[in-house]
Amino acid sequence: MRNPRNPRDPRQLERRAAPRRYLMCPPAHFQVTYSINPWMDPAKPVDVALAVAQWEDLRDRYRTLGHTVDVLDPRPGLPDMVFAANGATVVDGRVLGARFAYPERELEAAAHLEWFRGRGYADVHEPVHVNEGEGDFAVTASYLLAGRGFRASPLSHGEAQEVFGRPVIGLDLVDPRFYHLDTALAVLDDAADEVMYYPGAFSAGSRAVLRRMFPEALVVGEADAVAFGLNAVSDGLHVLLPQAAVGLFEPLRERGFVPVGMDLGELLKGGGSVKCCTLELRGL
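Engineer: Hey, could you run me through the packing of aromatic side chains in this one?
Structural biologist: Centre distance and the angle of the planes are the two values used to describe a pair of aromatic rings. Under the defined criterion, the tally for this structure stands at 9 aromatic pairs. Seen in terms of ring centroids, Trp 39 and Phe 228 are 5.0 Å apart; in terms of plane orientation they differ by 90°. Their pairing is edge-to-face. With Trp 39 in the loop between strand 1 (21–24) and helix 1 (48–64) and Phe 228 in the loop between helix 5 (222–226) and strand 12 (233–234), this pair connects stretches of sequence that are 189 residues apart. Centroid distance Phe 116 to Tyr 121: 4.9 Å. Interplanar angle 90°. Geometry classified as edge-to-face. Of the residues examined, Phe 116 reaches a relative accessible area of 0% and is grouped as buried. Tyr 121 gets classed as buried once you look at its relative accessible area, which sits at 11%. Through successive ring pairs, a cluster of aromatic residues spans Trp 115, Phe 116 and Tyr 121.

Engineer: What's the story with helix 2 (residues 106–118) in this structure? I'm lost.
Structural biologist: Side chains of residues three or four places apart in an α-helix project in the same direction, reflecting 3.6 residues per turn. Turning to helix 2, its buried residues are Glu 108, Ala 109, Ala 111, His 112, Leu 113, Trp 115 and Phe 116. At its buried positions, helix 2 is contacted by strand 1, strand 2 (68–71), strand 3 (88–91), strand 4 (94–97), strand 5 (124–125) and strand 15 (279–280). One or two positions beyond helix 2, positive phi appears at Gly 120, with a value near 85°.

Engineer: When you look at the pattern of salt bridges in this model, what are you seeing that I'm missing?
Structural biologist: Pairing between side chains becomes possible if they bear opposite charge and their charged atoms approach one another. Summed over the entire model, instances satisfying the criterion amount to 21 salt bridges. With a shortest N-O distance of 3.5 Å, Arg 15 and Asp 189 are connected by a salt bridge. Linking Arg 15 in the segment before strand 1 with Asp 189 in strand 9 (residues 185–189), this pair joins segments that are 174 residues apart in sequence. Neither residue differs from the other here; Arg 15 and Asp 189 are each classed as buried. In this structure, Asp 60 and Arg 59 form a salt bridge, with 2.9 Å as the shortest nitrogen-oxygen distance. Using a relative accessible area of 34% as the deciding quantity, one classes Asp 60 as partly exposed. Note on Arg 59: relative accessible area 18%, which makes it buried. Ionic contacts of the salt-bridge type, sharing partners, join the residues Arg 20, Glu 134, Asp 190, Lys 275, Glu 280 and Arg 282 into one network.

Engineer: Just to check I follow, could you spell out the sheet that holds strand 2 for this structure?
Structural biologist: Strand pairing in a sheet takes place through backbone hydrogen bonds and is either antiparallel or parallel in direction. If you trace the 3 strands from one edge of the open sheet to the other, you get 2-1-15, paired in mixed fashion. Since the sheet does not close on itself, it has two edges, and those belong to strand 2 and strand 15, each with one partner. Examined bridge by bridge, strand 1 and strand 2 share 4 bridges and lie parallel to one another. Paired with Met 24 across the bridge in strand 2 is Val 71. Helix-sheet contacts for helix 1 involve strand 1 and strand 2, and the interaxial angle to strand 1 is about 165°. Against the sheet, helix 2 makes contact with strand 1, strand 2 and strand 15, and its axis sits at roughly 135° relative to strand 1, the strand it touches most.

Engineer: Is there a simple way to think about empty space enclosed by the protein in this case?
Structural biologist: Over the atoms rolls a probe the size of a water molecule, and its path tells where empty space is left. Applying the stated rule across the entire model yields 3 cavities of 30 Å³ or more. Together, 17 residues line the largest cavity, and Val 187, Ala 232, Lys 275, Glu 280 and Arg 282 are the ones closest to its centre. Of all the secondary structure elements, the ones that give two or more residues to the lining of the largest cavity are strand 6 (137–139), strand 9 and strand 12. Considered class by class, the residues forming the lining of the largest cavity number 9 nonpolar, 1 polar and 7 charged.

Engineer: In this structure, what is going on with the pairing of strand 13 (residues 238–242)? I would like to understand it.
Structural biologist: Look at any regular strand and the pattern is simple: side chains alternate between the two faces of the sheet. Burial analysis of strand 13 places 5 of its 5 residues in the buried class, which makes it a mostly covered element. Sheet analysis places strand 12 next to strand 13, joined by 2 bridges and oriented antiparallel. If you follow Ser 234 over to strand 13, its bridge partner there is Val 239. Counting the residues in the hairpin turn of strand 12 and strand 13 gives 3 residues, including Gly 236, whose phi is positive at 100°.

Engineer: Explain the pairing of strand 4 here, please?
Structural biologist: Taken together, the 4 bridges between strand 3 and strand 4 define a ladder with antiparallel strand orientation. Following the sheet pairing, Val 91 is matched in strand 4 by Arg 94. Counted along the chain from strand 3 to the antiparallel partner strand 4, the turn is 2 residues long, and its residue Asp 92 has a positive phi close to 55°. Where strand 4 and strand 5 come together, 2 bridges link them in parallel fashion. Residue pairing for strand 5: Val 95 is matched across the bridge by Val 124. Since strand 4 and strand 5 lie parallel, the crossover through helix 2 that links them has a hand, and here it is right-handed.

Parameters and conventions
Residues numbered from 1 in each chain as written. Predicted model: local features only at pLDDT ≥ 70, side-chain atom pairs only at ≥ 80, totals over all residues. Heavy atoms only, no water. Phe/Tyr/Trp six-rings, centres within 6.5 Å; stacked < 30°, edge-to-face > 60°. Helix = DSSP H or I, 4+ residues; strand = E, 2+ residues; numbered from the N terminus. Buried < 20%, exposed > 50% of the residue type's maximum accessible area, 1.4 Å probe, protein only. Contact = heavy atoms within 4.5 Å. Salt bridge = Lys/Arg side-chain N within 4 Å of Asp/Glu carboxyl O. Pairing = 2+ DSSP bridges. Axes fitted to C-alpha atoms, helices over the stretch in contact; angles between N-to-C directions. 1 Å grid on protein atoms, 1.4 Å probe; cavity = no way out; pocket = protein on both sides within 12 Å on 5 of 7 lines; lining within 4 Å. Points joined across faces, edges and corners; volume = space filled by probe spheres on them. Nonpolar A, V, L, I, M, F, W, Y, C, P; charged D, E, K, R; others polar. Right-handed = clockwise from strand over helix to strand, strands pointing away.

Here it is, written out as structure tokens:
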């Protein structure tokens, strides 16, 4: 006998896509000339034309799904600007800029702040403490989930709470392969506080917090996590994720989502995929 419908069960929800607005930056100057995460190897050549084509495919897919994509102009000498998610966090129209952990990326922060101020954003905050935008901040309706351990300063969590007025939940990352929260956890339905995550990326205490907060979360295995399957973007229905994370497609379908596989393999040489390329502009 089948269980009766439970409207609180994420597997039984009727999914709907919500129109989103994203900021992206073309990889016109993308290259790997230094290594600041375990995925970067300067000895491996980068095909810029292929990186641009893969980025354009992601941009066009967003637009086909009904979303708006704004474009941040790339700047020479800043090869990682394509990972626009790291440049800021935007919630309810408020902007908290980034302060990068490594000097190779520090000029990106000013470029992002300049973009927001030039488009009339009135509530823009330049941070005091190190944070790398949505790399380590994940937004749901109830919380701001905040990673720490490799990039973001723990002090940035209190700073973000003051700016956004949302409870910040700190999560400790312990595996250097998952150096940002957005490589270890993805928000599937922000309105319903629904997430998926890879437990092995987190400390024991943080795993316990995640189990308590998100008992219905989709728990992801190591193979799909290493394929960057958690570096995904969801509009509440469609989940855009690396096509190599093959083990996630059926579990997502079982929960009512529509997985959309993307090939961003060239950009993975810089340690980023779908989410890293996508900064969500919330509340505008």
